[in-house]
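Observations on the three-dimensional arrangement
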Amino acid sequence: MTTTTATQSAAATTSAGGPVVSFEGVTKSYGAVRAVDGLSLVLHPGETVALLGPNGAGKSSTLDLLLGLRPADSGTVRLFGTTPREAIAAGRVGAMLQSGGLMEDVTVREVVALGCALHPRPLPVDEVLTRAGVDSIADRLVNKLSGGQEQRVRFALATAGHNDLIVLDEPTTGMDVTSRQAFWATMREQAAQGRTVLFATHYLEEADAIADRVLVLNKGRLLADGTAAEIKAKAGARKIAFDLTDDPVDEATLRALPHLTAYERHGDTVRLQSRDADATVHAVYALGLYPRNLEVAGLGLEQAFIALTEAEEADASC
């Protein structure tokens, strides 16, 4: 298939509401290590998707396969109904990866101008510089930038043209809070224009605030797929917090409360996680205790993420 034909086919697929990305039974091993294990998933136009997982979960390997940087051992990876290489050659994909350095002894403007010149569907250089927030440092040498500034230049290169899919690997590493907020405001604009955004991150609060869909990987397998709220609910546990100011009770008694999945105490404040919060609170009162400032709430995304991965690890060891 020629590049022109591939581009026309991909455009027809997207306009018909077809998937932007599809993985079907994809596996990838490095020696004895199975980095991606039978992964199947579909991304749709206009979604903002967070890819989460502990170190070694297969996030970077998944992105490498998606971008055609490595071949799958088995299964199929398709972008816009064609191969990753064909979709990238057609200018439909922009990527911001952790690996790979930037050119040195050139200015920010020069490296961004080169990225625009090489893109099949380029945007004006000044527009790219402004959107990435690097227009004020356009004349600075790349090797004189801070880590956060380098990240913004990488983002400029990832968005140098009219991409339909933007792939970001830990995009805000090294950025300060203000830069991170500005970066995600820009990404919201990209998604609002119908682009699909896929980002891997260790900042789980970013996934909670930004993504309308969350994928959790562990050991190369898809552990959970849904909204942040659905991921939290899938973890099954709830948070319980209260103060015991006038009720002396030993730690062993509290740890023996029913349905606990986590326990901690700092001074008078007790924090628990429970699979059945109602039963746990009832048991606290049954001990004759009087908990003050009692709060019961769902898990945050970070706690749900930890609970899900720990539960899978426990199941795997059985």
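Residues numbered from 1 in each chain as written. Predicted model: local features only at pLDDT ≥ 70, side-chain atom pairs only at ≥ 80, totals over all residues. Heavy atoms only, no water.

Direction vectors running N to C along helix H4 (residues 108–118) and helix H6 (residues 147–158) enclose 25°, while the axes themselves pass 9 Å from each other. With respect to H6, the axis of H4 lies roughly parallel. The two elements H4 and H6 cross, and the hand of that crossing is right-handed. In this structure, H4 uses Val108, Val111, Val112 and Gly115 to contact H6, whose residues at the interface are Val153, Ala156 and Leu157. (Axes fitted to C-alpha atoms, helices over the stretch in contact; angles between N-to-C directions. Helix = DSSP H or I, 4+ residues; strand = E, 2+ residues; numbered from the N terminus. Parallel < 35°, antiparallel > 145°, perpendicular 65-115°, else oblique. Left-handed = near helix turned anticlockwise from the far one by under 90°. Contact = heavy atoms within 4.5 Å.)

Scanning the model with the defined rule gives 3 aromatic pairs in all. Taking 5.0 Å as the distance between ring centres and 85° as the angle between the ring planes, the aromatic pair formed by Phe183 and Trp184 counts as edge-to-face. With respect to burial, Phe183 and Trp184 carry one shared label: buried. Their ring planes at 55° and their centres at 4.6 Å tell us that Trp184 and Phe199 sit as a pair that is tilted. Here Trp184 is found in helix H7 (residues 177–192), whereas its partner Phe199 is found in strand E7 (residues 196–200), with 15 residues between them in sequence. You'll find Trp184 and Phe199 in the same group, each marked buried. (Phe/Tyr/Trp six-rings, centres within 6.5 Å; stacked < 30°, edge-to-face > 60°. Buried < 20%, exposed > 50% of the residue type's maximum accessible area, 1.4 Å probe, protein only.)

Turning our eyes to something else, we now look at unusual backbone geometry. Positive phi, normally seen in glycine, also occurs at Lys219, with a value near 55°. With a relative accessible area of 39%, Lys219 lands in the partly exposed category.

Bringing helix H11 (residues 277–286) into the picture now. Along H11, the residues classified as buried are Ala277, Thr280, Val281, Ala283 and Val284. Taken down its axis, H11 places every buried residue within 155° of arc, on the same side. When the buried face of H11 is taken as reference, the exposed residues oriented beyond 90 degrees from it are Asp278, His282 and Ala286. Check the buried side of H11 and you find it contacts strand E10 (238–243), strand E11 (260–266), strand E12 (269–274) and strand E13 (292–298). Positive backbone phi, at 85°, marks Gly288, one or two positions downstream of H11. (Arc of directions from axis to C-beta.)

An ideal rise of 1.5 Å per residue puts 16 Å on 12 residues; H6 measures up with 17 Å between its terminal C-alpha atoms. Among all positions of H6, only Gly148, Gln149, Gln151, Arg152, Val153, Arg154, Phe155, Ala156 and Ala158 are buried. The elements touched by buried residues of H6 are strand E5 (93–96), H4, helix H5 (125–131), strand E6 (165–169) and H7. (Expected span 1.5 Å × (residues − 1).)

On to the pairing of E12. Inspection of the sheet shows E10 paired to E12 by 6 bridges, in the antiparallel sense. Directly across from Asp243, in E12, lies its bridge partner Thr269. Pairing analysis gives 6 bridges linking E11 to E12, with the strands arranged antiparallel. Bridge pairing in E12 links His266 to Thr269. Hairpin geometry of E11 and E12 is characterised by an intervening segment of 2 residues between the two adjacent antiparallel strands and by a positive phi of about 65° at Gly267. (Pairing = 2+ DSSP bridges.)

The subject of this paragraph is the environment of Tyr290. As for its placement among the helices and strands, Tyr290 is situated in the loop between H11 and E13. Judged by its relative accessible area of 49%, Tyr290 falls in the partly exposed class. Taking C-alpha positions, Tyr290 is 43 Å from Asp176, a pair spaced 114 residues apart along the chain. Setting aside chain neighbours within four positions, we find Tyr290 in contact with Asp243, Leu244 and Asp247.

Tallying each qualifying case throughout the model produces 15 salt bridges. The closest approach of N and O atoms between Arg213 and Glu47, which form a salt bridge, is 3.0 Å. Of this pair, Arg213 sits in strand E8 (residues 213–218) while Glu47 is found in the loop between strand E2 (33–43) and strand E3 (48–52), placing the two residues 166 residues apart along the sequence. The residues Arg213 and Glu47 share a single accessibility class, namely buried. Ionic pairing is found between Asp126 and Arg109, a salt bridge with its closest N-O pair at 2.8 Å. Placement of the pair is Asp126 in helix H5 and Arg109 in helix H4, with a sequence separation of 17 residues. Given a relative accessible area of 46%, Asp126 falls into the partly exposed group. Owing to a relative accessible area of 34%, Arg109 belongs among the partly exposed residues under this scheme. (Salt bridge = Lys/Arg side-chain N within 4 Å of Asp/Glu carboxyl O.)

Before going further, it helps to spend a moment on the sheet that holds E11. Reading across from one edge, E11-E12-E10-E13 is the order of the 4 strands in this open sheet, with antiparallel pairing throughout. What marks the edges here is a single partner per strand, and that holds for E11 and E13. Recorded for the sheet is a direction-independent mean angle of 10° between the axes of neighbouring strands. Its contacts with the sheet place H11 against E10, E11, E12 and E13, and it is angled at close to 20° to E10.

By themselves these figures say nothing about function.
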